Amino acid sequence: MTTYDRRDLGLLLLRLGTGGVLAAHGAQKLFGWFGGHGIEGTGQFMESVGYSPGRASATAAGLAEAGGGTLLALGLATPAAGAAAAGAMGGAATVHAPNGFFNQGGGYEYAATLGLAATGLAISGPGRLSLDHAIGHVFDRGWMVPVALAGTAAVTAVVVGARNRRLQEKEKEEQAGLFDEQEALFGE
């Protein structure tokens, strides 16, 4: 007879809560559910904040959130699920970072909290009340944790770096345009 302890129950609740929130956010992006804007609207937003192409960025973020969140809630492929969700939240935190930490001011607090919870679950594992446990941890091996987290960190760094370069180029173009306008006004 298997007895579950409070750690198993705590991990279940954390997985259900974190995974459920992430899955809902992903569904907003992918399908427009729960007041979301779907791929088209989310793609336009992604483009406006420097993630280009916007539609592909919206799809990737939506899949990482919906897929990673669903798998976390189920406790299946926990290292990959947690890493994917953490990567998506890393990208979201980058967008909100200029607004400071706290969510009430548009900061990155919420994205960071979800990302850290997903990372913690990837590292700790899903507990015994999970599909991973039920199928013998086939998709939850110890070596998978650093591989999933390192792979996601590398991809996230590339994507965020490309976004930052695009925003810097855009800012330079806008400044050059202002300089040209001033030059035309003052006849230099």
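Above: the structure in question.
Everything in this summary refers to the structure shown in the same document. (Residues numbered from 1 in each chain as written. Predicted model: local features only at pLDDT ≥ 70, side-chain atom pairs only at ≥ 80, totals over all residues. Heavy atoms only, no water.)

Another aspect to go through is unusual backbone geometry. The omega torsion of the bond from serine 52 to proline 53 falls at -5 degrees, within 30 degrees of zero and hence cis. The residue proline 53 is located in the loop between helix H2 (38-48) and helix H3 (54-74) in this model. Even without being a glycine, alanine 77 presents a positive backbone phi close to 55 degrees. In this structure, alanine 77 sits in the loop between H3 and helix H4 (78-96). (Helix = DSSP H or I, 4+ residues; strand = E, 2+ residues; numbered from the N terminus.)

Another point: the nonpolar core. Ranked by size, the top nonpolar core spans 13 residues in total, and within it Leu22, Leu72, Ala85 and Met89 carry the most contacts. Elements represented by at least two residues in this core include exactly helix H1 (6-31), H3, H4 and helix H5 (109-124). Here this core gets five residues from one element, more than from any other, and that element is H4. Discounting chain neighbours no more than four positions away, the residues touching alanine 85 are Leu22, Ala64, Leu72 and Ala118. (Core = buried A, V, L, I, M, F, W, Y, C linked by side-chain atoms within 4.5 Å. Buried < 20%, exposed > 50% of the residue type's maximum accessible area, 1.4 Å probe, protein only. Contact = heavy atoms within 4.5 Å.)

In this section: a negative patch on the surface. On the surface, Glu169, Glu171, Glu173 and Glu174 cluster together to form a negatively charged patch. By the secondary structure assignment, glutamate 174 is in helix H7 (residues 144-186). (Patch = residues over 30% accessible without salt bridge, like charges linked within 9 Å, V, L, I, M, F, W, Y side chains within 5 Å. Areas by Shrake-Rupley, 256 points an atom, 1.4 Å probe, with all protein chains shown as cover. Salt bridge = Lys/Arg side-chain N within 4 Å of Asp/Glu carboxyl O. Lys, Arg positive; Asp, Glu negative; His and termini not counted. Charge placed at Lys NZ, Arg CZ, Asp CG, Glu CD.)

When we look at a pair of aromatic rings, we describe it by the centre distance and by the angle of the planes. In total, this model carries four aromatic pairs according to the counting rule given. An angle of 35 degrees between the planes, with centres 4.7 Å apart, marks the rings of phenylalanine 31 and tryptophan 33 as tilted. Judged by its relative accessible area of 48%, tryptophan 33 falls in the partly exposed class. Ring geometry for phenylalanine 101 and phenylalanine 102: centres 5.0 Å apart, planes at 80 degrees, overall edge-to-face. When its relative accessible area of 37% is taken as the criterion, phenylalanine 101 is described as partly exposed. In this structure phenylalanine 102 comes out as exposed when scored by relative accessible area, which is 52%. Members of the aromatic cluster, joined through ring pairs, are Phe31, Trp33 and Phe34. A cation over an aromatic ring shows up here: arginine 163 above the ring of tyrosine 51, its NZ or CZ 5.4 Å from the ring centre. (Phe/Tyr/Trp six-rings, centres within 6.5 Å; stacked < 30°, edge-to-face > 60°. Lys NZ or Arg CZ within 6 Å of the ring centre and 35° of its normal.)

As enumerated under the stated definition, the model contains four salt bridges in all. The residue arginine 128 makes a salt bridge to aspartate 5 at a minimum N-O spacing of 3.9 Å. With arginine 128 in the loop between H5 and helix H6 (131-134) and aspartate 5 in the segment before H1, the pair connects residues that are 123 residues apart, well separated along the chain. By relative accessible area, which is 28% here, arginine 128 ends up partly exposed. Judged by its relative accessible area of 35%, aspartate 5 falls in the partly exposed class. Between arginine 128 and aspartate 8 there is a salt bridge, with the nearest N and O atoms lying 2.7 Å from each other. Linking arginine 128 in the loop between H5 and H6 with aspartate 8 in helix H1, this pair joins segments that are 120 residues apart in sequence.

A word on H2. Every buried residue of H2 is listed here: Gly38, Ile39, Thr42, Gly43 and Met46. Taken down its axis, H2 places every buried residue within 135 degrees of arc, on the same side. Turned more than 90 degrees from where H2 packs its buried face, Glu40 and Gln44 sit exposed. Positive phi shows up at glycine 50, right after H2, with a value of about 100 degrees. (Arc of directions from axis to C-beta.)

Honestly, that's just the spatial picture; any functional story needs more than this.
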